Amino acid sequence: MESLRSNYNKLFSSFFLFSALVLVFMSSMPITDAKVHHHDFVVQATPVKRLCKTHNTITVNGMYPGPTLEVNNGDTLVVKVVNRARYNVTIHWHGVRQMRTAWADGPAFVTQCPIRPGGSYTYRFTIEGQEGTLWWHAHSSWLRATVYGALIIRPRQGEEYPFPKPNRETPLLLGEWWDANPIDVVRQATRTGAAPNISDAYTINGQPGDLYNCSAKDTIVVPIAAGETNLLRVVNSALNQELFFKVANHKLTVVGADASYVKPFTTSVLMLGPGQTTDVLITANQQPARYYIAARAYASAQGAPFDNTTTTAILEYKSAACSTSKCVSSKPVIPKMPAFNDTATVTAFTTSFRSPRKAPVPTKIDHNLFFTVGLGLNKCPRGARSRNCQAPNGTRFAASMNNVSFVLPSNFSLLQAHQQGVPGVFTTDFPANPPLRFDYTGNVSRSLWQPSRGTKVYRLKYGEIVQLVLQGTSIFTAENHPIHLHGYDFYIIAEGFGNFNAKRDAAKFNLVDPPLRNTASVPVGGWSVIRFVADNPGVWLMHCHLDVHITWGLAMAFLVENGVGKLQTLEPPPADLPKCN
């Protein structure tokens, strides 16, 4: 049996490698069958009932989650967004490279000003060289709590997956639900300076599942036939929570992440930070029955409150042995979930990712950057009332990179200011290193807890190579931070715990087959090292994808200059780009 399993694994790996090489070869051939997909998104308030109560929820086209978009590698998307809600809105196409089309990236006041109520904007961009699962979401205030959906990118017409074709495909979007208006939740936190209220439920495809009140009848059911191998496209679209994901009694074979293929590996549990996607194959090789698909929190910040509930869907076998009413009415098998603080399981999972073949990792470094990422506390402003300073010891929560708490502009987008040469909107002096070196993950002096505020970017010339150490800090508390870079994929060449030490830790760098991602989970009390080539002109936000942290300022932006010629130059802004004032 062991020999048979070994032969199967070798066959699977050989098939994957051969298909990946074919993908590389085909991607260099001219596109002859690419399509243009037109969609209309209407952002509007819609009555949505969850946890026994109905809320007037902001949705796209009345759907929660929003519509799934399906394209092929090489296709173009044209999405007209009409804002009929009472809030400003933008849409971000999370993980899409947006080559030369930064105007379509979406973060409010970074690449565009928001679409005002009653306004519209058409996003136009081509997806090139990416296959797998991405997603789209609002990128203005906390609207993405309910304004999000899947973006599925299949191989070019006539091409195949670099793994055996699944019988079915199912997107599973993990989310968070507040029994309140999420905009009111963040506004209250902004007023008080305290942490926002935690969510009341997690969701799978918008439904909490039958472990919550008034939710059982709408629990998502995922059908599977005995013997089938299906593809689950898992997205963490939760606002503020990293999540464990399991299917009772079933192994999962990971084949992709963030719209890049990976060397397949088998696991019983996934951990996704907000923004991350993971494609897994699941084979129906268990006794025909019903099995819970479950997600619950990975909460790494010691002592911080979190939503300690569990969302569920049901994997339901469709076979003669499971077609009776007895099987359908039976209670699903429950998975044993990791403990909420099981960092060892997280580390085992995140360090299993590899590219399917030798990767073209850049080696000649032009910018060797070191960014601290973490929380902070601001002193109560002079003259402020105590009700506005409700963080610990009469302070206000903050967050920063390299001690700079990022402030979004309000009268121009960064990209417009850059393109038009408008002074006074931002500065280009974001520090390449922390202004002060300290024991980042140790007992940090309280004198270092208050960051400075600023709208600072880091300038890069087209084609320059960046190595970036993302170093977590223990200021207030250490925490795992999912750091997302807009407009780029990057190689994660190493991660570890404690303070990064270049002499010691460079030996850990994987320069052969590191994974290609757009969101890196920086370990709690630790660090990650990423590399990328600045080959996409524009202004690109990098931020923690826990929205509470970006609200507090855990962000910065790279300004990448144009190169030489049309193919290295940002396209002109669209005529309908929303005006700022």
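Quick caveat: nothing in here was measured; it's all calculated off a predicted structure. (Residues numbered from 1 in each chain as written. Predicted model: local features only at pLDDT ≥ 70, side-chain atom pairs only at ≥ 80, totals over all residues. Heavy atoms only, no water.)

Remarks on the overall build of the protein
Regarding its fold elements, the protein presents 7 helices and 32 strands. The C-alpha radius of gyration computed for the protein amounts to 23 Å, which stays within 12% of the reference 25 Å derived for 581 residues, consistent with globular compactness. When each of the 581 residues of the protein is scored for burial, the buried share is 59%. Expressed as a percentage of contacts within the protein between residues at least 6 apart in sequence, the contacts between residues at least 24 apart total 80%. When the accessible surface of the protein is summed, it comes to about 23400 Å², and 52% of that surface belongs to carbon and sulfur atoms. For the protein, the separation between the mean place of its 53 positive charges and that of its 38 negative charges on side chains is 5 Å. (Helix = DSSP H or I, 4+ residues; strand = E, 2+ residues; numbered from the N terminus. Rg over C-alpha atoms; globule rule 2.2 N^0.38 Å. Buried < 20%, exposed > 50% of the residue type's maximum accessible area, 1.4 Å probe, protein only. Contact = heavy atoms within 4.5 Å. Areas by Shrake-Rupley, 256 points an atom, 1.4 Å probe, with all protein chains shown as cover. Lys, Arg positive; Asp, Glu negative; His and termini not counted. Charge placed at Lys NZ, Arg CZ, Asp CG, Glu CD.)

Focus on the nonpolar core
Of all hydrophobic cores here, the largest spans 92 residues; its most connected members are Trp93, Phe371, Met542 and Phe558. Those residues in contact with Trp93, other than ones at most four positions away along the chain, are Phe41, Leu69, Val79, Gln98, Ala104, Asp105, Tyr123, Phe125, Trp135 and Trp136. Judged by nonpolar contacts, the second largest core, of 55 residues, contains Ala201, Tyr202, Tyr291 and Val346. (Core = buried A, V, L, I, M, F, W, Y, C linked by side-chain atoms within 4.5 Å.)

Let's talk about the sheet that holds strand β13 (residues 242-247)
What links the strands of a sheet is backbone hydrogen bonding, and the strands pair in either a parallel or an antiparallel sense. Ordered by their spatial adjacency, 5 strands build an open sheet running β11-β19-β18-β13-β16, and the pairing between neighbours is mixed. Two strands in the sheet have a free side with no partner beyond their single neighbour: β11 (221-224) and β16 (270-272). Taken over all neighbouring pairs, the strand axes of this sheet differ in orientation by 25° on average, direction set aside. Taken together, the 7 bridges between strand β18 (residues 290-298) and strand β19 (residues 310-317) define a ladder with antiparallel strand orientation. Each residue of the ladder has a partner; that of Ala295, found in β19, is Thr311. (Pairing = 2+ DSSP bridges. Axes fitted to C-alpha atoms, helices over the stretch in contact; angles between N-to-C directions.)

Focus on the confidence of the model for the protein
Per-residue confidence for the protein gives a mean pLDDT of 94; residues scoring 70 or more make up 93%. Note on residues 1-31: pLDDT under 50 across the span, and 35 contacts to partners over four residues away in sequence or across chains. (pLDDT = per-residue confidence, 0-100.)

Digging into the pattern of salt bridges
Considering all chains together, one arrives at 21 salt bridges under this definition. One salt bridge connects Arg154 with Glu169, and the closest N-O pair in it is separated by 3.0 Å. With Arg154 in strand β8 (residues 148-154) and Glu169 in strand β9 (residues 169-177), this pair connects stretches of sequence that are 15 residues apart. Judged by relative accessible area, Arg154 falls into the partly exposed class, the value being 24%. By relative accessible area, Glu169 is classed as partly exposed at 25%. Here Arg168 and Glu228 are joined by a salt bridge, their closest N and O atoms 3.0 Å apart. With Arg168 in the loop between β8 and β9 and Glu228 in the loop between β11 and β12 (229-236), this pair connects stretches of sequence that are 60 residues apart. (Salt bridge = Lys/Arg side-chain N within 4 Å of Asp/Glu carboxyl O.)

Here we look at helix α4 (residues 343-350)
Inspection of α4 places Thr343, Val346, Phe349 and Thr350 among the buried residues, and these make up the whole buried set. Looking down the long axis of α4, one finds its buried residues gathered within 125° of arc, a one-sided arrangement. Where the residues of α4 are buried, they touch β13, β14 (252-257), β15 (260-267), β16, β18 and β27 (490-497). (Arc of directions from axis to C-beta.)

Overview of the sheet that holds strand β7 (residues 132-138)
The strand order across the open sheet formed by 4 strands is β3-β8-β7-β5, and the pairing between neighbours is mixed. Unpaired on one side and paired on the other, β3 (69-72) and β5 (91-94) mark the two borders of the sheet. The sheet shows a mean angle of 20° between the axes of neighbouring strands, direction not considered. As defined by bridge partners, β3 adjoins β8 across 4 bridges and the pair is classed as parallel. Bridge pairing in β8 places Asn72 opposite Arg154.

Looking at helix α2 (residues 182-192)
Looking only at α2, the buried set comprises Pro182, Ile183, Val185, Val186, Ala189 and Thr192. Lining the buried residues of α2 we find β21 (395-401) and α7 (547-552). Sitting at the amino-terminal end of α2 is Asn181, which places a side-chain oxygen 3.0 Å from the backbone nitrogen of Ile183. Among the residues trailing α2, Gly193 stands out with phi positive, at a value near 80°. (Polar contact = N/O pair within 3.5 Å; in protein donor to acceptor, adjacent residues only side chain to side chain.)

Observations concerning unusual backbone geometry
Cis geometry is adopted by the peptide bond preceding Pro65, which originates at Tyr64 and carries an omega value of -5°. Mapped onto the elements, Pro65 comes out in the loop between β2 (53-60) and β3. With a phi angle near 50°, Ser141 is a residue other than glycine that sits in the positive phi range. When you line up the elements, Ser141 lands in the loop between β7 and β8. Accessibility expressed as a relative area gives 46% for Ser141, which makes it partly exposed.

Observations regarding the packing of aromatic side chains
Under the defined criterion, the tally for this structure stands at 31 aromatic pairs. Arranged with centres 5.4 Å apart and planes meeting at 40°, the rings of Phe370 and Tyr440 form a pair that is tilted. Here Phe370, found in strand β20 (residues 367-379), pairs with Tyr440, found in the loop between α5 (414-420) and β23 (452-454); they are 70 residues apart in sequence, far enough to count as distant. The exposure class of Phe370 is buried, given its relative accessible area of 12%. With a relative accessible area of 6%, Tyr440 lands in the buried category. Sitting above the plane of the Trp449 ring, Arg446 keeps its charged end 4.1 Å from the centroid. The ring of Phe353 carries the charged tip of Arg517 above its face, separated from the ring centre by 4.9 Å. (Phe/Tyr/Trp six-rings, centres within 6.5 Å; stacked < 30°, edge-to-face > 60°. Lys NZ or Arg CZ within 6 Å of the ring centre and 35° of its normal.)

Things to note about the state of the cysteines
Here the structure, examined in full by the defined rule, presents 3 disulfides. One disulfide bridge connects Cys113 with Cys580, the sulfur atoms lying 1.8 Å from each other. Its S-S torsion of approximately 85° makes the covalent link between Cys113 and Cys580 right-handed. Of this pair, Cys113 sits in the loop between β5 and β6 (120-126) while Cys580 sits in the segment after β32 (555-560); the two residues are 467 residues apart in sequence, bridging distant segments of the chain. For Cys113, a relative accessible area of 0% gives the class buried. (Disulfide = S-S within 2.5 Å.)

A few points about the side chain of Asp513
Examined against the element boundaries, Asp513 turns out to sit in the loop between α6 (502-505) and β28 (516-517). Looking at Asp513, its side chain comes within polar contact range of the side chain of Asn510, at 2.9 Å. With residues near it in sequence (within four places) discarded, Asp513 still touches Lys263, Arg354, Ser355, Arg357 and Ala359.

A few points about the pairing of β9
The element β9 is extensively covered by neighbouring structure, given that 7 of its 9 residues are classed as buried. Bridge count for β9 against strand β10 (residues 201-204) is 4 bridges, and the pairing is antiparallel. Bridge assignment links Gly175 to a residue of β10, and that residue is Thr203.

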